[in-house]
Amino acid sequence: MHSRYEVVIGLEVHVQLTTKTKIFCGCSKDFGQEPNSQTCPVCLGLPGALPVLNKQVVEYAIKTGLATNHQIAPRSIFARKNYFYPDLPKGYQISQFELPICEHGWLNIETEDNGPKKIGITRIHMEEDAGKLIHSGTNSSSVDLNRACTPLLEVVSEPDMRSADEAIAYLKKLHQIVMYLGVCDGNLEEGSFRCDANVSIRPKGQQELGTRAELKNLNSFRFIKQAIEYEVERQADIIDDGGEIVQETRLFDADSGLTRSMRGKEEAHDYRYFPDPDLVPLVVSDDWVERVRSELPELPEAKLQRYQDEMGLPPYDAGVLSAEREVAEYFDALVALHANAKVCSNWVMGEVLRAVKEKEILIRDCPVTPELLAGVLERIADNTISGKIAKTVFEEIWQTGKTADQVIEEKGLKQVTDTGAIEAILDEIIAANMGQFEELKGGKDKLTGFFVGQVMKASKGKANPGMVNQLIQKKIKG
Ligand SMILES: [Zn+2]
């Protein structure tokens, strides 16, 4: 990179909400339905149709605002953002402009070199989405208005990020929070979580911001990083050559990895915002805010801290377990039933996550519930089965839905802790492998593993490995 320049990035994220219905009418907002099948006079923009605000949208906005440290406005206003486009039948989009519902928020991100960093969030406002144009063939386009009036939150950050990596860290954090809150399904490809990036550069040490380009069409974290990195190089090359950056909107093309100009600069005044006369000011009481606050789930950052401070888990474990809400909830349910947090962590990160990934199911659909898994862990703890046999039990529970005790009983998997029985097996194995046993006695300690392995094999995994070890030591001294 051109080390003479400092990169300045601000992000605008559109979060599509998981409400059942649209923001100003009762139409369903299911993705992938027959074009124009989910429309009514309101979202078709027919004259005289009046919008009615969906209360759930406000609730989700407050939730998201609180989870990202915003102040919730007691009174906010819906405004018309005027522009013409064929997918916008009303000729304006209902959004919020001067008085948005949330202001002055922030998030912490982890940076690679400098530890935690606070990223300011200017505002979050509610708005409706537009429809979608479908271009078919060379001279025909159709419009699908199923998406028109779909509720969005627009989350506008301060220009606080200084690299593509910081931008990605911020986006992933925000993505994780809206997923935890359940207000968004988080699907980048389907456009449920969309990001526009404002990117500019300035000579190091300069206070004044450089001219920015706005990057659109960024539908994966990887593309966002690529697009920002390409854009920084492009701007630096222009300035190096004595040129000037033009304020414009640029589209990222994932195939070429380049950004290209889409349209020239636009400013807020181009949209002739004014308060929507069809919607009264939105008043949010303190009681409402406090009720929503009291219902917020424990957020990923708090979980990460608790897993380390209260349970003594290593940072790696805490990170994996808190990354997704459903994984964390599975783990929390398991720990509530089985006190050894590290053992629980090992099983969730190991068998459980491996199996759900392999079977391509969600952890909430895991047939080995926290209750069933706790049953397995109890039997390891009381030495009924070894850790190795426990994996067989886990598989069997997965297939049959039976409890650990049922599986252990039916399959005869109970660990052999009868010293005499184990010793008898060991004696046979020593007799069959006298050569190795003499070497072991002679000091070749590595061979202990061989004998333990043979006994485990002969006992079909049921011998208690600790006991086998002790008996071998006894025989060596013999
Ligand atoms: Zn509708």
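Please read these numbers as outputs of a predicted model, since none were measured by experiment. (Residues numbered from 1 in each chain as written. Predicted model: local features only at pLDDT ≥ 70, side-chain atom pairs only at ≥ 80, totals over all residues. Heavy atoms only, no water.)

Draft legend 1. Focus on the overall build of the protein. Within the protein, the secondary structure is distributed over 15 helices and 16 strands. A compact globule built from 478 residues should have a C-alpha radius of gyration of about 23 Å, whereas the protein, at 30 Å, is more than 25% larger. With the C-alpha coordinates aligned to their principal axes, the bounding extent of the protein is approximately 95 × 55 × 50 Å. Looking at the protein residue by residue over its 478 residues, the buried ones come to 46%. Pairs at least 24 apart in sequence give 68% of the contacts found in the protein among residues at least 6 apart. A total of about 24,000 Å² of accessible surface is found on the protein, and carbon and sulfur atoms cover 51% of it. If you average the places of the 56 positive and of the 73 negative side-chain charges in the protein, the two averages end up 3 Å apart. (Helix = DSSP H or I, 4+ residues; strand = E, 2+ residues; numbered from the N terminus. Rg over C-alpha atoms; globule rule 2.2 N^0.38 Å. Buried < 20%, exposed > 50% of the residue type's maximum accessible area, 1.4 Å probe, protein only. Contact = heavy atoms within 4.5 Å. Areas by Shrake-Rupley, 256 points an atom, 1.4 Å probe, with all protein chains shown as cover. Lys, Arg positive; Asp, Glu negative; His and termini not counted. Charge placed at Lys NZ, Arg CZ, Asp CG, Glu CD.)

Draft legend 2. Structural detail: the packing of helix α14 (residues 447–458) against helix α15 (residues 465–477). Running from N to C, α14 and α15 cross one another at 130°; their axes reach a closest spacing of 10 Å. It follows from the interaxial angle that α14 and α15 lie oblique. Classified by chirality, the crossing of α15 by α14 is right-handed. Within the contact between the two elements, α14 uses Thr-448, Phe-451, Val-452, Val-455 and Met-456 and α15 uses Pro-465, Val-468, Asn-469, Ile-472 and Gln-473. Tallied by class, residues from the contact of α14 with α15 come to 7 nonpolar, 3 polar and no charged. (Axes fitted to C-alpha atoms, helices over the stretch in contact; angles between N-to-C directions. Parallel < 35°, antiparallel > 145°, perpendicular 65-115°, else oblique. Left-handed = near helix turned anticlockwise from the far one by under 90°. Nonpolar A, V, L, I, M, F, W, Y, C, P; charged D, E, K, R; others polar.)

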